[in-house]
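Geometric and topological summary
Chain residues, written in single-letter form:
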Amino acid sequence: MRGGMRIGAIFGIPLYIHPTWLLILFLLAWMYSEGYQNVSSRLALTSGLVTAFLVLGSILLHELGHSLVAKAQGIEVKSVTLFLFGGIASIAKEPKDPLSNLALAAAGPLVNLVIGSFLAVVAWFALGDQAILLGTADQTQEVISGLAVELGVGRALVSLMALNLAVFNIVIGLFNLIPALPLDGGQVLKSIVWKITGSRFSGIRWAAYSGQIIGIFTMLLGFSALFAQALNGIFFIFVGWFVFNSATVHLQYGRLQQALLEIDAESAMTRDFRIVDADMSLRRFADDFLLMQEKDKQPIFFAASDGRDRGMVNADELRYIERERWEQEDLHSIVKPLQSLDVVDLSTKIPRVIDMLEQKELPYVTVLSPAGSVTGIVDRGDVIRALARRLNWRIPEAYIKRIKAEGKFPPELKLTEITSQL
Ligand SMILES: [Zn+2]
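I will try to describe carefully the structure that is included in this document.

What counts as what
Residues numbered from 1 in each chain as written. Predicted model: local features only at pLDDT ≥ 70, side-chain atom pairs only at ≥ 80, totals over all residues. Heavy atoms only, no water. Helix = DSSP H or I, 4+ residues; strand = E, 2+ residues; numbered from the N terminus. Rg over C-alpha atoms; globule rule 2.2 N^0.38 Å. Buried < 20%, exposed > 50% of the residue type's maximum accessible area, 1.4 Å probe, protein only. Contact = heavy atoms within 4.5 Å. Areas by Shrake-Rupley, 256 points an atom, 1.4 Å probe, with all protein chains shown as cover. Lys, Arg positive; Asp, Glu negative; His and termini not counted. Charge placed at Lys NZ, Arg CZ, Asp CG, Glu CD. Pairing = 2+ DSSP bridges. Axes fitted to C-alpha atoms, helices over the stretch in contact; angles between N-to-C directions. Expected span 1.5 Å × (residues − 1). Polar contact = N/O pair within 3.5 Å; in protein donor to acceptor, adjacent residues only side chain to side chain. Core = buried A, V, L, I, M, F, W, Y, C linked by side-chain atoms within 4.5 Å.

This part covers the overall build of the chain. Tallying secondary structure elements over the chain gives 15 helices and 11 strands in all. Against the globule reference of 22 Å for 422 residues, the chain gives a C-alpha radius of gyration of 31 Å, more extended than a compact globule. Its C-alpha atoms give the chain principal-axis dimensions of about 105 × 40 × 35 Å. Looking at the chain residue by residue over its 422 residues, the buried ones come to 46%. Once local pairs closer than 6 in sequence are excluded, the contacts in the chain between residues at least 24 apart make up 64%. Total accessible area on the chain stands at roughly 22900 Å², and carbon and sulfur atoms take up 61% of it. Side-chain charges of the chain comprise 38 positive and 40 negative groups, with the mean position of each set lying 2 Å from the other.

The structure is reproduced here in structure tokens:
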């Protein structure tokens, strides 16, 4: 979530607040103050505002629950942002094992359930059996004004506040445990399936399917409510749609990650390079190879001598050598040795290749055989082609060519982001 305003840091984690948060703060304050009106109209708005702050504080504590478990596992927490629909703790990477992931996911809802249970007990002590009635539905005028008479205004307000916060925390805690993937409960389900099957991707699939089903079910609930002329059906449709979409995105990300891990340099590489004799003179190289090439294509040359690959021919270097000397000097003088190139093995996984390409801003990496000779090259176009093959995407070769020419991954794939999570 971008566009938040930094308001400080907790436990070294930067805390951001999105402008939409203010909207929800006032909405909550207004909503809660309605109930407090029946205790004291003078203090209602202030009490509503205090409750709203504490409600949003509970959301912050939920995110801190996630964040502190992440930090305990040695995972960096980049930020916590509060926005319209709650909060997001932005975590650098996912835990490597299912139980750590389970702990991380469950920590947030657990914080709410602990706070909620504690406040429910407090409210029950203060309000007695009325707490159950007030907490579930009936904050009507008669019940609440009776409370003010019985307990006095101050105690009645504080008790009601505790009750409201208890209800909020328990509802939020339980809601987040629904096993649908954008929610924490989805992560919990994912971790459990991951633990049982030993496959993180099976976990993602199950939790995402579950999210899609729950999303559809929620939307259907919303539509049937609308048919019964209950306007809050719109809310359910919206939430269901959001859950369905996020689950689908998780599913696609999971497939993409799995595919990336299944591709190695060997299956992605091409042989779009030429091996030339390192002992040939610069003049001959320029005449026979450079001048013959097609204008739009910049071929890659590797030089070999005595049966060994020596390195990449850096044709740009020719410009710095006077033409009179092209006859006497050979390719060795413009060869960049293999040891100084960015090389990978045949079995190197593609996420590592993507990392190298992006971090070092390379046009391609060179693939070496176990014997140390050049067997292929992998550029961004080759990565996408291999990915498309694996996932049965129909991508025209012209599109691959464009990626090769531009030297950029399609930004919508978010490949760097995805590989950094692996
Ligand atoms: Zn959470």
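Read from one edge to the other, the open sheet built from four strands follows the order β1-β2-β3-β4, with strand pairing classed as mixed. The sheet is open, and its two borders are formed by β1 (5-10) and β4 (86-91), each paired with just one other strand. For this sheet the average axis-to-axis angle between neighbouring strands, irrespective of direction, equals 25 degrees. With six bridges connecting them, strand β3 (residues 77-83) and β4 associate as antiparallel partners. From the neighbouring strand, S79 faces β4, where its bridge partner is S90.

What follows deals with the environment of N169. You can see N169 is positioned in helix α6 (residues 153-176). Looking at N169, the relative accessible area reads 0%, which means it is buried. With 53 residues separating them along the chain, N169 and G116 place their C-alpha atoms 4.8 Å apart. Among residues more than four places away in sequence, those in contact with N169 are S58, N112, L113, I115 and G116.

Taking 1.5 Å of rise per residue, 12 residues should cover 16 Å, and helix α13 (residues 380-391) covers 17 Å from first to last C-alpha, within 8% of that figure. By the criterion of burial, α13 is predominantly enclosed, with nine of the 12 residues buried. Along α13, the residues that are buried comprise R380, G381, D382, V383, I384, R385, A386, L387 and A388. Buried residues belonging to α13 abut α9 (233-262), α10 (265-268), α12 (350-359), β11 (374-379), α14 (397-406) and α15 (415-420). Where α13 begins, the capping side chain belongs to D379, and its oxygen is found 3.1 Å from the backbone nitrogen of G381. Just downstream of α13, N392 is the residue with a positive phi angle, here 55 degrees.

Attention now goes to the nonpolar core. Formed by 37 residues in total, the largest nonpolar core has its most connected members in Y36 and L56. Apart from the residues lying within four places of it in its own chain, the contact partners of Y36 are A44, S47, G48, T51, L157, L160, M161 and N164. The next biggest cluster of nonpolar side chains, apart from the first, holds 28 residues, and it includes A268, V344, M356 and I384.

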